[in-house]
Amino acid sequence: QVQLVESGGGLVQPGGSLRLSCAVSGRFYSIDVMGWFRQAPGKQRESVAYITGGGSTNYSDSVKGRFSISRDNAKNTVHLQMNSLKFEDTAVYYCNAEAKVTMGPVWSSFWGQGTQVIVSS
């Protein structure tokens, strides 16, 4: 199976920075899109940013210009650099990867367990 493990969450003051990382391991043939989602208390999970296998990126309007997503295909890792953090960025952040576990055409979505980010003064 495929496992995703996030790291880098924590407590930070407004205006501060954090860097989240996610490592993908297990048995898979290929990874395509990798991304980050977040879920704040009482709210639905929302997409934050994603990056394709070719390196194209997309950001939600709420984080554009503050967050930066990157990946290392050789290490099967994806990172989220979060700058100028705001109170409203407080949430559990989840890593997601679209991967094929066989050489066939089927892609599956895999999730990490989440890492807490708290922005507080």
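Criteria and thresholds
Residues numbered from 1 in each chain as written. Predicted model: local features only at pLDDT ≥ 70, side-chain atom pairs only at ≥ 80, totals over all residues. Heavy atoms only, no water. Helix = DSSP H or I, 4+ residues; strand = E, 2+ residues; numbered from the N terminus. Rg over C-alpha atoms; globule rule 2.2 N^0.38 Å. Contact = heavy atoms within 4.5 Å. Areas by Shrake-Rupley, 256 points an atom, 1.4 Å probe, with all protein chains shown as cover. Lys, Arg positive; Asp, Glu negative; His and termini not counted. Charge placed at Lys NZ, Arg CZ, Asp CG, Glu CD. Core = buried A, V, L, I, M, F, W, Y, C linked by side-chain atoms within 4.5 Å. Buried < 20%, exposed > 50% of the residue type's maximum accessible area, 1.4 Å probe, protein only. Polar contact = N/O pair within 3.5 Å; in protein donor to acceptor, adjacent residues only side chain to side chain. Pairing = 2+ DSSP bridges. Phe/Tyr/Trp six-rings, centres within 6.5 Å; stacked < 30°, edge-to-face > 60°. Lys NZ or Arg CZ within 6 Å of the ring centre and 35° of its normal. Axes fitted to C-alpha atoms, helices over the stretch in contact; angles between N-to-C directions.

**Some words on the overall build of the chain**
Thinking step 1. The helix and strand inventory of the chain stands at zero helices and eleven strands.
Thinking step 2. Listing each helix as α and each strand as β along the chain from the N terminus yields β-β-β-β-β-β-β-β-β-β-β.
Thinking step 3. Whereas a compact globule of 121 residues would reach a radius of gyration of roughly 14 Å, the chain reaches 14 Å, a difference of no more than 12%.
Thinking step 4. Dimensions of the chain, computed from the C-alpha atoms along their principal axes, are close to 50 × 25 × 25 Å.
Thinking step 5. Partitioning the intrachain contacts of the chain with sequence separation of at least 6 by distance along the chain shows that 56% fall at a separation of at least 24.
Thinking step 6. By element, 50% of the accessible surface of the chain is carried by carbon and sulfur atoms, the whole surface being about 6,400 Å².
Thinking step 7. Here the chain contributes 11 positively and 8 negatively charged side chains, and the mean placements of these two sets differ by 3 Å.

**With respect to the nonpolar core**
Thinking step 1. Membership of the largest hydrophobic core comes to 30 residues, with the highest contact counts inside it found for Trp36, Leu80, Met82 and Tyr93.
Thinking step 2. Elements represented by at least two residues in this core include exactly β1 (2–7), β3 (18–26), β4 (30–39), β5 (46–51), β7 (67–72), β8 (77–82), β9 (91–100) and β11 (115–119).
Thinking step 3. Among the elements that line this core, the one with the most residues is β9, at five residues.
Thinking step 4. Setting aside residues up to four positions removed in sequence, Tyr93 forms contacts with Glu6, Leu20, Trp36, Phe37, Arg38, Val48, Phe67, Leu80, Met82, Gly114, Thr115 and Val117.

**Thoughts on the side chain of Arg66**
Thinking step 1. Its location among the elements puts Arg66 in the loop between β6 (57–59) and β7.
Thinking step 2. The buried category is assigned to Arg66, whose relative accessible area is 11%.
Thinking step 3. One polar contact links the side chain of Arg66 to the main-chain carbonyl oxygen of Ser62, over a distance of 2.8 Å.
Thinking step 4. Among all residues touching Arg66, those that are not within four sequence positions of it are Gln81, Met82, Asn83, Ser84, Leu85, Lys86 and Asp89.

**Concerning the pairing of β7**
Thinking step 1. Taking every second residue as pointing to the same face, the buried face of β7 carries Phe67, Ile69 and Arg71, while none of Ser68, Ser70 and Asp72 on the other face is buried.
Thinking step 2. Bridge analysis of β7 against β8 gives six bridges, and the strand direction is antiparallel. The residue of β8 that forms the bridge with Ser70 is His79.
Thinking step 3. Where β7 folds back onto β8 in an antiparallel hairpin, the turn is made up of four residues, including Asn76, whose phi is positive at roughly 55°.

**Thoughts on the packing of aromatic side chains**
Thinking step 1. For the structure on display, the rule yields one aromatic pair.
Thinking step 2. Ring geometry for Phe37 against Trp111: centres 4.9 Å apart, planes inclined by 65°, an arrangement best described as edge-to-face. In this pair, Phe37 is assigned in strand β4 and Trp111 in strand β10 (residues 108–111), connecting sequence segments 74 residues apart.
Thinking step 3. On the basis of relative accessibility, which here comes to 37%, the residue Trp111 falls in the partly exposed class.
Thinking step 4. The positively charged end of Arg45 is found above the aromatic ring belonging to Tyr94, 3.7 Å away from the centroid.
Thinking step 5. Sitting over the ring of Trp111, Arg45 keeps its end group 4.7 Å from the ring centre.

**With respect to the sheet that holds β8**
Each strand in a sheet pairs with another by means of backbone hydrogen bonds, the pair being arranged parallel or else antiparallel.
Thinking step 1. Read across the open sheet, the four strands follow the order β1-β3-β8-β7; overall the sheet is antiparallel. Across the chains shown, the open sheet's two edge strands, defined by having one partner strand only, are β1 and β7. Going across the sheet, the axis of each strand differs from the next one's by a mean of 15°, ignoring polarity.

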